[in-house]
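# A look at the structure
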Amino acid sequence: MRQQRFLTAAAAAAVLTAVAGAGPAWSDGGNLAAGSAGTVQVGSTGSSPTVTADTAIGSIALTAPLTVSGSGGNTSSGSIGSAQVGGGNDARRSAGTVQVASTHGAPSAHAATQLVAVDASSPVAVPGEGSNTATGSLVTVQAGGGHEANGSVAQVKAEQASAEPQVAVSGLGDGALVQLGPAGQPPAFMLQLAPPTLTQRLGANVKDDVTYDLSSLTAQANAVGVGPDVYLALDPILSLAIGGWIGTGPNAGNSAVSSLGTGQVGSVAVGPTVALDAPAAESSVMLGGSSGVDGVGSNLAGTSLGTAQAGGGNTADGSAGTAQIGGVALGQTLAAATPFGTVALGTGSGIAGGSNSAAGSLGTVQIGGGNNADGSAGTAQVGATTLAPFASLTGTPLGDVTVGGSSGIAGSGNDATGSLGSVQVGGGNTSTGSGGTTQSSGIAVGPTVSTSGTPAGGASTGSPTNVGQGSGNTAASSLGTAQVGGGNTATGSAGTAQVGSAQPQGRVLSSTPITPLPANRTPATAAAPATTPVTPATAVSTVGGAAKKPSASGVLHTPSKTLTGQRTTGTLPFTGLDLLYAVLLGTILTAAGLRLRAHARH
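Just so you know, these numbers come straight off a predicted model, no measurement behind them.

Moving on: the overall build of the chain. Scanning the chain from N- to C-terminus turns up four helices and 58 strands. When burial is assessed residue by residue, the chain has 32% of its 602 residues classed as buried. Long-range contacts, defined as pairs at least 24 residues apart, comprise 52% of the intrachain contacts of the chain with a sequence gap of at least 6. Taken as a whole, the chain presents about 31100 Å² of accessible surface, with 66% of it coming from carbon and sulfur.

Spelled out as structure tokens, the structure:
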């Protein structure tokens, strides 16, 4: 046992000797680690790293001089895990000690271009005087100088840091001459410049024309919005211009007689314009175009409760919880030009406008136009819809790419009179006296992609597909009906799903956009691929047509008794089943039940 203890003590002494070093003497300015483990000691030190870079527009230089200095050397005796920087730090019988003497730095940056020079600096310091000492302590952090920790646990002490940032900008003097060309040779380009000048204009055109009626909680916005007028320019480096209009406009008039909780606005326009130009970088960005709701017609909400109407041509007499929006157009555009190419983005989508009617209805939402939901509950109707986003990338080293085409749902005139829980999209859909009905007229999907000037050459692709043939879905006195396409009929039915014929074109085509089928296109001519581009303006111009009747060739046939000659009296609601069959079925079930009951008694 004594021999084992002796060997253990000898091993410990060897480890401490390796850590502390052989020399016990400590000279002024030196570091001493006696009987310690895991010790890092750095005396007073200083450094001044510098980074420089030359770019296409100028040069940049970064410098970060830093000094950490203290009085004398660092001492660590009988301690574990000590880190001491700067000098004058003392850690005795402690563990987890970090000590840093006073620190001073002066980072700076200098950037010089052909037009302007920028100098930035910020002297920083963590001051302190005297030594940092930690005796019999655990987890100690001391920064600066003059801190003492005696028998403490988890103590952090630091002097308050200071910083004094400074920035200086200097431009070219009057008549400064800029010369571009190889060194030692005549300049290839010379330009006489004046100092950059700052021009600014901050303004806005604000309109606030709203009529309130607190007794009926009614608000009618005639003209509400803002037209920013902002211009900032640091000539000839950068310029920014903001304009356009965001707000409402007039329509043919709003009326909310004897209505409670009504909000009405005319046309709505969201058309901000932003132009950012950077001549020095040969780049520019521009946001333009306009989106909004048209203001054709009047909004009428007589004897209604909780009605919201935007645009025009909306009627909600004797209704509750109604939201109506006129024709919608999405026409925002974004373009960015750089030395590496030009990017252009656009929406070009919309919902055709017209008149909406929701008289005597509950919980109705109508968007677009040509929708009728009189005497209905929980109805959602959307007019003819066009989706024609556009994107292009041109002038790039790898060639040009264009994405376009047009998709949409055609038709006009949705009717959900006396229905419950109906959803109708497009036009020509009828769900009179039905429940849980979903209808969509013909759908055209026609995206296109074309490339040119690429390493692989040029190509153009598009696979337009039409689902259904125009409009004209009917689901009268039906329950739980879903119809997609056109020419579908589900009279007196329950749980019916109908899809019109799909007509894929099947070949790689050019980038000509595909047009959704118009409301007056007959099934006989619908198979031919459309070639006329669709714009929001075109979609709006097709509004106002009456709902078309489905042609015979577009109807999914059922037994003749269902389609022709079916009695409208003596039937069950929604299903159309004859009451005689219901009575016979009930009699049979009753007889069977009585027989089983008698058999159970015996």
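This part takes up the sheet that holds strand β16 (residues 138-143). Reading across the sheet, the five strands line up as β2-β8-β10-β16-β18 and stay open at both edges, with parallel pairing between neighbours. A single partner strand is all that each edge strand has here, and the edge strands are β2 (37-42) and β18 (153-158). Put simply, the sheet's adjacent strands are angled 0° from each other on average, direction ignored. Pairing geometry for β2 and strand β8 (residues 80-85), over five bridges, is parallel. Considered in β8, the bridge of Ala37 is made with Ile80.

Here we take up the packing of aromatic side chains. Evaluated as defined, the whole model comprises zero aromatic pairs. Sitting over the ring of Trp245, Lys207 keeps its end group 5.6 Å from the ring centre.

On the secondary structure map, Gly485 appears in the loop between β56 (479-484) and β57 (494-499). For Gly485 and Gly426, which are 59 residues apart along the polypeptide, the C-alpha to C-alpha distance reads 9.8 Å. Beyond its immediate sequence surroundings of up to four residues, Gly485 is in contact with Ser440, Ser441, Gly442, Val467, Gly468, Gly470, Asn473 and Gly500.

Note on sheets: strands pair through backbone hydrogen bonds, and any given pair is parallel or antiparallel. The five strands are arranged β3-β6-β11-β14-β19 in an open sheet whose pairing can be described as antiparallel. Of all the strands in the sheet, the pair left with one neighbour each is β3 (45-47) and β19 (162-163). Across two bridges, the pairing between strand β14 (residues 124-126) and β19 is antiparallel. Within the sheet, the bridge partner assigned to Val124 lies in β19 and is Ala163.

A word on unusual backbone geometry. Notably, Arg93 is not glycine yet its phi reads approximately 50°, a positive angle. As for its placement among the helices and strands, Arg93 is situated in the loop between β9 (89-92) and β10 (95-100). Taking relative accessible area as the criterion, Arg93 reaches 58% and is therefore assigned exposed.

In this section: the side chain of Gln498. Its location among the elements puts Gln498 in strand β57. We classify Gln498 as buried; its relative accessible area is 7%. Here Gln483 takes part through its side chain, which lies 2.7 Å from a polar atom of the side chain of Gln498.

A cluster of nonpolar side chains, Leu198, Leu234, Leu238, Leu276, Val285, Leu334, Val343, Leu345, Leu393, Val401, Val403 and Val449, forms an exposed patch at the surface whose accessible area comes to about 870 Å². Those elements that provide at least two residues to the nonpolar patch are β37 (341-346) and β45 (399-405). Look at Val343 and you get partly exposed, because its relative accessible area is 34%.

On to the pattern of salt bridges, then. Counting across every chain of the model gives two salt bridges. Between Asp90 and Arg92 there is a salt bridge, with the nearest N and O atoms lying 2.9 Å from each other. Judged by relative accessible area, Asp90 falls into the buried class, the value being 16%. For Asp229, the salt bridge identified is with Arg201, shortest N-O distance 3.3 Å. Taken together, the positions of Asp229 in strand β24 (residues 218-235) and Arg201 in strand β23 (residues 197-213) put the pair 28 residues apart, joining distant regions of the chain. On the basis of relative accessible area, Asp229 is assigned to the partly exposed category, the value being 35%.

On to the environment of Leu305, then. Checked against the element boundaries, Leu305 lands in strand β32 (residues 305-310). For Leu305, a relative accessible area of 47% translates into the label partly exposed. A sequence separation of 13 residues divides Leu305 from Gly318, and the C-alpha atoms of the two residues are 7.7 Å apart. Setting aside its immediate chain neighbours within four residues, Leu305 contacts Leu260, Ser319, Ala320 and Gly321.

Note that strand β40 (residues 362-367) and strand β42 (residues 377-382) share five bridges and pair parallel. Residue pairing for β42: Ile367 is matched across the bridge by Val382. Both β42 and strand β48 (residues 420-425) contribute to a ladder of four bridges, which runs parallel. When the bridges of β48 are listed, Ala380 appears paired with Val423.

What follows concerns the confidence of the model for the chain. Mean pLDDT over the chain: 77, with 72% of residues reaching 70 or higher. Across residues 1-28 the pLDDT falls below 50, and counting only partners more than four positions away or on other chains, this stretch makes 17 contacts in the model. The model gives residues 502-582 a pLDDT under 50, and that stretch makes 142 contacts with residues more than four places away or in other chains.

Another aspect to go through is the pairing of β45. As judged from the four bridges shared by strand β44 (residues 390-396) and β45, these two strands associate in the antiparallel manner. Its bridge partner being in β45, Leu393 is matched across the sheet by Val401. Taking the residues that link successive antiparallel strands as the turn, the β44-β45 hairpin has two residues. As judged from the six bridges shared by β45 and strand β52 (residues 447-454), these two strands associate in the antiparallel manner.

Let us now look at the side chain of Ser239. Along the polypeptide, Ser239 turns up in strand β25 (residues 238-248). Of the residues examined, Ser239 reaches a relative accessible area of 17% and is grouped as buried. Residues within four places of Ser239 in sequence aside, it is in contact with Tyr231, Leu232, Ala233, Ala275, Leu276 and Asp277.

Time to look at the environment of Gly144. You can see Gly144 is positioned in the loop between β16 and β17 (148-150). Residue Gly144 is classed as buried on the basis of its relative accessible area of 1%. A sequence separation of 75 residues divides Gly144 from Ser69, and the C-alpha atoms of the two residues are 9.5 Å apart. In this structure Gly144 touches Val100, Ala101, Ser102, Val126, Pro127, Gly128, Asn132 and Glu159, once residues within four positions along its chain are discounted.

Conventions we followed
- All residue numbers refer to positions counted from 1 along the written sequence of the respective chain.
- Given that the model is predicted, a residue must reach a pLDDT of at least 70 before its local features are reported, and side-chain atom pairs must reach 80 or more before they are shown or counted; all residues, however, enter totals for whole chains, interfaces and linings.
- In computing side-chain properties, one takes all heavy atoms of the structure into account and sets aside hydrogens as well as water.
- Helix and strand assignments follow DSSP, with helices taken as H or I runs no shorter than four residues and strands as E runs no shorter than two, numbered in order from the N terminus.
- Think of it in three bands: residues with accessible area under 20% of the maximum for their type are buried, residues over 50% are exposed, and the middle band is partly exposed, with areas taken using a 1.4 Å probe on protein chains only.
- Contact between two residues is taken to exist if any of their heavy atoms lie within 4.5 Å; hydrogens are not considered.
- All accessible-area figures derive from a Shrake-Rupley calculation using a 1.4 Å probe, and residue coverage is judged against the displayed protein chains alone.
- At least two DSSP bridges between two strands are needed for those strands to be called paired.
- As a rule, the C-alpha atoms of each element are fitted with a line to give its axis, helices using only the stretch in contact, and angles between N-to-C directions run from 0 to 180 degrees.
- Any pair of Phe, Tyr and Trp rings, taking the six-membered ring for Trp, is counted once the centres come within 6.5 Å. Such a pair is stacked with planes under 30 degrees apart, edge-to-face with planes over 60 apart, and tilted for the rest.
- Remark: a charge is flagged as sitting over a ring if the NZ atom of Lys or the CZ atom of Arg is within 6 Å of the ring centre and within 35 degrees of the ring normal.
- Polar contact criterion, stated in full: a pair of N or O atoms within 3.5 Å, where within protein one must be able to donate a hydrogen and the other to accept it, and residues adjacent in sequence count only if both atoms are side-chain atoms.
- Each patch is built from residues lacking any salt bridge and having more than 30% relative accessible area; the joining distance is 9 Å for like charges and 5 Å for nonpolar side chains (Val, Leu, Ile, Met, Phe, Trp, Tyr).
- Should a side-chain nitrogen of Lys or Arg be within 4 Å of a carboxyl oxygen of Asp or Glu, the pair is scored as a salt bridge.
- A residue's pLDDT is the confidence the predictor assigns to it, expressed on a 0 to 100 scale.

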